[in-house]
Amino acid sequence: QVQLVESGGGLVQAGDSLRLSCAASGGTFSNYRMGWFRQAPGKEREFVATINWSGGNTYYQDSVKGRFTISRDNAKNTMYLQMNSLNPEDTAVYYCAAVRTRGWDIRQRSDEYNYWGQGTQVTVSS
């Protein structure tokens, strides 16, 4: 239905900023709620943020609220994650996810998303 490709990961120092992108193709992007998840070594995949179909509603994990900003540009079929004030605890593989809904219900579980990107590595050094 939709293919997702993340980009923008890399190695940065603590306190730096990074912007991840998720390019979507093969579907009508504005029909999908989008989300960011991350998985650190030895840990389970965890929810980071979600954004509804229009971009008007967002929700964040407490540990990233105020530092990260999720956004989307439906005209470009792209979702973004602006990450500021990065710390080593943010080190993880970051995954883009999609679920076909225009609903207002917040989706925080990985099993509530049907489509996934391949992931992009974010490493934050101290």
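The structure under discussion appears in the preceding block.
Residues numbered from 1 in each chain as written. Predicted model: local features only at pLDDT ≥ 70, side-chain atom pairs only at ≥ 80, totals over all residues. Heavy atoms only, no water.

Enquirer: Please set out the sheet that holds strand β3 (residues 18–25) residue by residue, giving values where relevant.
Expert: Pairing within the open sheet is antiparallel, and its four strands lie in the order β1-β3-β8-β7. Each edge of the open sheet is held by one strand with a lone partner, namely β1 (3–7) and β7 (68–73). Strand after strand, the sheet turns through a mean of 15° between neighbouring axes, direction not considered. The sheet contact formed by β7 and strand β8 (residues 78–83) spans six bridges and is antiparallel. By the bridge assignment for β8, Arg 72 is matched with Met 79. (Pairing = 2+ DSSP bridges. Helix = DSSP H or I, 4+ residues; strand = E, 2+ residues; numbered from the N terminus. Axes fitted to C-alpha atoms, helices over the stretch in contact; angles between N-to-C directions.)

Enquirer: Tell me what's going on with the packing of aromatic side chains, and back it up with residues and numbers.
Expert: One pass over the structure, following the stated rule, counts six aromatic pairs. An angle of 75° between the planes, with centres 5.7 Å apart, marks the rings of Phe 37 and Phe 47 as edge-to-face. Taken together, the residues span a long stretch of sequence, with Phe 37 in strand β4 (residues 32–39) and Phe 47 in strand β5 (residues 46–51) at a distance of 10 residues. Residue classification places Phe 37 among the buried residues on the basis of a relative accessible area of 1%. Summarising the aromatic geometry, the rings of Phe 37 and Tyr 113 are spaced 5.2 Å apart at their centres and angled 80° between planes, so their arrangement reads as edge-to-face. (Phe/Tyr/Trp six-rings, centres within 6.5 Å; stacked < 30°, edge-to-face > 60°. Buried < 20%, exposed > 50% of the residue type's maximum accessible area, 1.4 Å probe, protein only.)

Enquirer: Lay out the nonpolar core in plain terms, naming residues and giving numbers.
Expert: Judged by nonpolar contacts, the single largest core of 29 residues is most densely connected at Met 34, Trp 36, Met 79, Leu 81, Met 83 and Tyr 94. Contributing elements (two or more residues each) for this core: β3, β4, β5, β7, β8, β9 (92–100) and β11 (120–125). Formed by five residues, the second largest nonpolar core is a distinct cluster that contains Phe 47, Ala 97, Val 99 and Tyr 113. (Core = buried A, V, L, I, M, F, W, Y, C linked by side-chain atoms within 4.5 Å.)

Enquirer: Account for the state of the cysteines, naming residues and giving values.
Expert: In the structure shown here, the tally under the stated rule is one disulfide. Each sulfur of the disulfide joining Cys 22 and Cys 96 lies 1.8 Å from the other. Handedness here is read from the sign of the S-S torsion; for Cys 22 and Cys 96, about -65°, the answer is left-handed. In this pair, Cys 22 sits in strand β3 while Cys 96 sits in strand β9, placing the two residues 74 residues apart along the sequence. Exposure remark for Cys 22: the relative accessible area of 0% places this residue in the buried category. Accessibility expressed as a relative area gives 0% for Cys 96, which makes it buried. (Disulfide = S-S within 2.5 Å.)

Enquirer: Break down the pattern of salt bridges for me, with residues and values.
Expert: If you walk through the whole model with that rule in mind, you get five salt bridges. Here Glu 46 makes a salt bridge to Arg 38, at a shortest N to O gap of 2.7 Å. Judged by its relative accessible area of 26%, Glu 46 is partly exposed. When its relative accessible area of 5% is taken as the criterion, Arg 38 is described as buried. A salt bridge links Arg 107 to Asp 105, with the nearest nitrogen and oxygen atoms 2.8 Å apart. Owing to a relative accessible area of 17%, Arg 107 belongs among the buried residues under this scheme. With relative accessibility at 40%, the residue Asp 105 sits in the partly exposed group. What emerges from the salt-bridge pattern is a single network uniting Arg 38, Glu 46, Arg 67 and Asp 90. (Salt bridge = Lys/Arg side-chain N within 4 Å of Asp/Glu carboxyl O.)

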